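# A structural walkthrough
One-letter residues, chain by chain:
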Amino acid sequence: MNPIILEQLKSLYTENIEPLELLGGFHNNVFLSRNQRMVIKILDAETYRKINLLNEQEIINLMLQHGVKTPNLIPSKNGTPIELVEGKEKKFYLMVYSYIDGEVLSPNLKEDHLIKAWGKLLCKMHEITKLNSHAMKQNYLEWDHDIKNEDFAKGHGKIIEEKWKGYMNAFSALSKNENNYGIVHHDLHNENIMIANKDMYILDFGDVRRSWYAYDAAIPIFHFIKNRRKNSLFKRVEGII
C-alpha cells in the first residue's frame with residue numbers, strides 16, 4: 001500500500017491497522033487488517049464516482065435493516081463511512097468494512113439447499129428495494145451508465161460491432177416497470193456470496209444500479225455455465241496428457 005495513503009488511513013481509523021494483506025479487487029485495491037477485522041477499499045477518485053459510493057452506502061444500510069446479512073461500513077473518526085484522501089498525484093476514496101470470516105461459495109456448487117437459499121435471498125433483496133424505493137434518497141444510475149457503446153466492440157471486426165449494436169438496441173427497447181426493473185446488485189456471482197456460521201452473506205454492492213431483475217438472476221447462471229465449461233476443458237486436457 002502507498003505509504004502516503006497508509007498514514008492517512010491510520011489517522012482516520014486506527015494506528016494499529018498493520019499488518020495489511022492484499023485481498024485483491026479489480027485493481028488490487030482491497031486490503032485486510034486481521035487484527036482490526038477490517039476490509040479496506042482504496043478507490044481512485046477519477047475512476048469511481050461519489051454517487052456510486054453513496055448508493056452502495058445506502059443499499060448496505062437498507063439490507064442490514066431488513067435482515068440481509070452483509071459486511072457493514074465502518075465510519076472513520078470523523079463519523080463518515082466515505083473518506084477522500086490525497087495521494088502523491090491522485091485523490092482516493094477510502095471505504096472500510098467489517099471483516100466476515102467465512103468461505104465464498106464454490107464455483108462448482110452442487111448443494112441444492114444453498115442454491116435455493118441463494119435464489120430466495122436474491123428475491124428478498126429485490127423485494128426490499130422495491131418496497132422501500134419511496135424512502136431511498138440516492139439517485140441510482142441506469143444499467144448502461146458505465147458502458148461506452150462506441151468503444152466496447154471497436155476493433156473486433158464489423159460483424160462483432162454490428163452484433164453488439166443490435167444487442168444494445170434490443171436491451172434499450174425492453175419494457176421497464178416496477179415489477180421487472182429496479183435497483184439490483186448487478187454482480188452476484190459465487191465469489192460475492194459468503195457462508196459464515198451457517199449464514200449467507202452478500203458481498204460487494206459496489207456495482208449497484210437500476211436494471212432488470214432478471215439480470216441479477218442471469219449473473220450466477222452465466223458463471224455456473226462458464227465454470228462448468230472450464231472444468232470440462234481441464235478434464236479433457238488432463239485426459240490427453
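The sections below set out a description of the structure shown in this document. Every residue gets a number counted from 1 within its own chain, in the order that chain's sequence is written. It should be noted that, the model being predicted, local features are given only for residues of pLDDT at least 70 and side-chain atom pairs only at 80 or more, the latter also being counted only at that level, while totals for whole chains, interfaces and linings use all residues. Heavy atoms throughout the structure, all of them, feed into the side-chain values; hydrogens and water do not.

Turning next to the overall build of the chain. What counts as a helix is a DSSP run of H or I of at least four residues, what counts as a strand is a run of E of at least two, and both are numbered from the N terminus. The number of helices and strands found in the chain is six helices and 10 strands. When the backbone C-alpha atoms are referred to their principal axes, the chain occupies close to 55 × 50 × 40 Å. Accessibility here uses a 1.4 Å probe with only protein chains present; expressed as a share of the type maximum, an area under 20% marks a residue as buried, one over 50% as exposed, and anything in between as partly exposed. Looking at the chain residue by residue over its 241 residues, the buried ones come to 40%. Looking at the chain alone, contacts between residues at least 24 apart form 68% of all its contacts between residues at least 6 apart. For the chain, the accessible area works out to roughly 14,700 Å², and carbon and sulfur atoms hold 53% of it. Under the counting rule used here, the positive set is Lys and Arg, the negative set is Asp and Glu, and His together with the chain ends is not counted. Charge coordinates come from a single atom per side chain, which is NZ of Lys, CZ of Arg, CG of Asp or CD of Glu. Measuring between centres, the 32 positive side-chain charges of the chain sit 5 Å from its 31 negative side-chain charges. Throughout, a residue-residue contact means that at least one pair of heavy atoms, one from each residue, lies within 4.5 Å. Values of accessible area rely on a 1.4 Å probe in the Shrake-Rupley scheme; residue burial ignores everything except the protein chains shown.

Here we take up the packing of aromatic side chains. Working definition: rings of Phe, Tyr and Trp (its six-membered ring) pair if their centres are within 6.5 Å, and the pair is stacked with planes under 30 degrees apart, edge-to-face with planes over 60 apart, and tilted otherwise. All told, the structure shown has four aromatic pairs when counted by the stated rule. These aromatic residues form a ring-pair network of at least three members: Trp143, Phe171, Tyr181 and Trp212.

Right, let's talk about the nonpolar core for a bit. Counting 33 residues, the largest nonpolar core has Ile59 and Ile202 as the members making the most contacts within it. The set of elements that each furnish at least two residues to this core consists of strand E2 (30-33), strand E3 (38-44), helix H2 (50-65), strand E5 (91-98), helix H3 (112-131) and strand E9 (199-202). When residues of this core are assigned to their parent elements, the largest contribution, six residues, is made by H3. In these notes, a set of buried Ala, Val, Leu, Ile, Met, Phe, Trp, Tyr and Cys residues joined through side-chain atoms within 4.5 Å is what counts as a nonpolar core. Ile5, Leu12, Ile74 and Leu94 belong to the second-largest nonpolar core, a separate cluster that totals 15 residues.

Our next topic: helix H1 (residues 3-12). All of the buried residues in H1 are Ile5, Leu6, Leu9, Lys10 and Leu12. All buried residues of H1 fall inside an arc of 165° around its axis, so they share one side. Against the buried residues of H1 lie E3, strand E4 (83-86) and E5. For this analysis, a polar contact is any N or O atom pair within 3.5 Å, provided that within protein one partner can donate a hydrogen and the other can accept it, and provided that sequence-adjacent residues contribute only side-chain to side-chain pairs. At the N-terminal end of H1, a side-chain oxygen is found 2.7 Å from the backbone nitrogen of Ile4, two or three residues along, and the residue is Asn2. Each direction from the helix axis to a C-beta atom contributes to the arc, which is the arc of those directions.

As a further point, take the pattern of salt bridges. Side chains carrying opposite charge are able to pair once their charged atoms draw close together. Salt bridge, as used here, is a side-chain nitrogen of Lys or Arg placed within 4 Å of a carboxyl oxygen of Asp or Glu. Within this structure, the stated rule accounts for nine salt bridges. Its salt-bridge partner being Arg34, residue Glu21 comes within 2.6 Å of it at the nearest N-O pair. With a gap of 13 residues between them, Glu21 in strand E1 (residues 21-24) and Arg34 in the loop between E2 and E3 connect regions that are remote in the sequence. For Asp44, the salt bridge identified is with Lys90, shortest N-O distance 2.9 Å. Of the two residues, Asp44 is situated in strand E3 and Lys90 in the loop between E4 and E5; the sequence distance between them amounts to 46 residues. You can call Asp44 buried: its relative accessible area is 14%. On the basis of relative accessibility, which here comes to 36%, the residue Lys90 falls in the partly exposed class.

This part is about the pairing of E3. Among the seven residues in E3, seven count as buried, and that is most of the element. Going residue by residue along E3, you find Met38, Ile40, Ile42 and Asp44 tucked away on one face and Val39, Lys41 and Leu43 tucked away on the opposite face as well. Should DSSP find at least two bridges between two strands, the strands are regarded as paired. By the bridge criterion, four bridges tie E2 to E3 in an arrangement that is antiparallel. The residue of E3 that forms the bridge with Val30 is Lys41. Counting the residues that bridge the hairpin from E2 to E3 gives four residues, and of these Arg37 lies at a positive phi of roughly 55°. Pairing analysis gives seven bridges linking E3 to E5, with the strands arranged antiparallel. Bridge pairing links Asp44 to Phe92 in E5.

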